Amino acid sequence: MRVSVEGGGCSGFQYRFDLVKDRAPNDFLVERDGARVVVDPVSLGFVHGAEIDFVDDLIGAQFKINNPNVTASCGCGTSFSI
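Rules and cut-offs
Residues numbered from 1 in each chain as written. Predicted model: local features only at pLDDT ≥ 70, side-chain atom pairs only at ≥ 80, totals over all residues. Heavy atoms only, no water. Phe/Tyr/Trp six-rings, centres within 6.5 Å; stacked < 30°, edge-to-face > 60°. Helix = DSSP H or I, 4+ residues; strand = E, 2+ residues; numbered from the N terminus. Buried < 20%, exposed > 50% of the residue type's maximum accessible area, 1.4 Å probe, protein only. Core = buried A, V, L, I, M, F, W, Y, C linked by side-chain atoms within 4.5 Å. Contact = heavy atoms within 4.5 Å. Patch = residues over 30% accessible without salt bridge, like charges linked within 9 Å, V, L, I, M, F, W, Y side chains within 5 Å. Areas by Shrake-Rupley, 256 points an atom, 1.4 Å probe, with all protein chains shown as cover. Salt bridge = Lys/Arg side-chain N within 4 Å of Asp/Glu carboxyl O. pLDDT = per-residue confidence, 0-100. Lys, Arg positive; Asp, Glu negative; His and termini not counted.

Chemist: I would appreciate a short explanation of the packing of aromatic side chains in the present structure.
Modeler: The geometry of two aromatic rings is summed up by the distance between their centres and the angle between their planes. Taken as a whole, this structure holds 3 aromatic pairs when the rule is applied. Ring geometry for Phe13 and Phe46: centres 4.8 Å apart, planes at 50°, overall tilted. Placement of the pair is Phe13 in strand β2 (residues 13-18) and Phe46 in helix α1 (residues 41-47), with a sequence separation of 33 residues. Taking the relative accessible area as the measure of exposure, Phe46 reaches 22% and is therefore partly exposed.

This is the structure in structure tokens:
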């Protein structure tokens, strides 16, 4: 899975999740418990120290990022600012 940060949303930035088979030569790779996540060098600065979790609750299943770098987020929870 690739995690990246893009400009946009009501707070300035938003996360993007993509399924990928290969990684770019300059991607950062994190492996834990059989899961592999790649992050490009630009996005890495935005998500450094963050935790990715998969949550399955009453409103649906989704990946959630607990990011200590975030200073504000929108009400819908999909965009953030640093």
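Chemist: What's the story with the nonpolar core in this structure? I'm lost.
Modeler: The nonpolar side chains of a soluble globular protein tend to be buried, and buried together. Counting residues in hydrophobic clusters, the biggest one holds 9 residues: Met1, Val3, Val5, Tyr15, Val37, Val39, Val47, Ile65 and Phe80. Counting only elements with at least two residues in this core, the list comes to β1 (2-7) and β4 (35-39). In this structure Val39 touches Val3, Asp27, Phe28, Leu44 and Val47, once residues within four positions along its chain are discounted.

Chemist: Would you take a moment to explain a nonpolar patch on the surface for this structure?
Modeler: There is a patch of nonpolar side chains on the surface, built from Phe17, Ile52, Phe54 and Phe63 and spanning about 350 Å² of accessible area. By the element assignment, Phe63 lies in strand β6 (residues 60-66).

Chemist: Is there a simple way to explain the confidence of the model for the protein chain in this structure?
Modeler: A low pLDDT means the predicted coordinates there should not be read in detail. Summing up the model confidence of the protein chain, the mean pLDDT is 85 and the portion of residues at 70 or higher is 94%. Ranking the elements of the protein chain by mean pLDDT puts strand β8 (residues 79-81) last with 75 and β4 first with 92.

Chemist: It is not clear to me how the environment of Ile82 should be interpreted in this structure. Could you clarify?
Modeler: For Ile82, the position within the fold is in the segment after β8. For Ile82, a relative accessible area of 47% puts it in the partly exposed group. What Ile82 contacts, discounting residues up to four positions off in sequence, is Phe46, Asn69, Val70 and Thr71.

Chemist: Explanation requested: the side chain of Asp40 in the structure shown.
Modeler: Looking at the secondary structure, you find Asp40 in the loop between β4 and α1. Notably, Asp40 is buried but unbridged: the nearest opposite-charge side chain belongs to Arg2, and the N-O separation is 4.8 Å. Here Asp40 is in contact with Arg2, Val3, Ser4 and Asp27, once residues within four sequence places are set aside.

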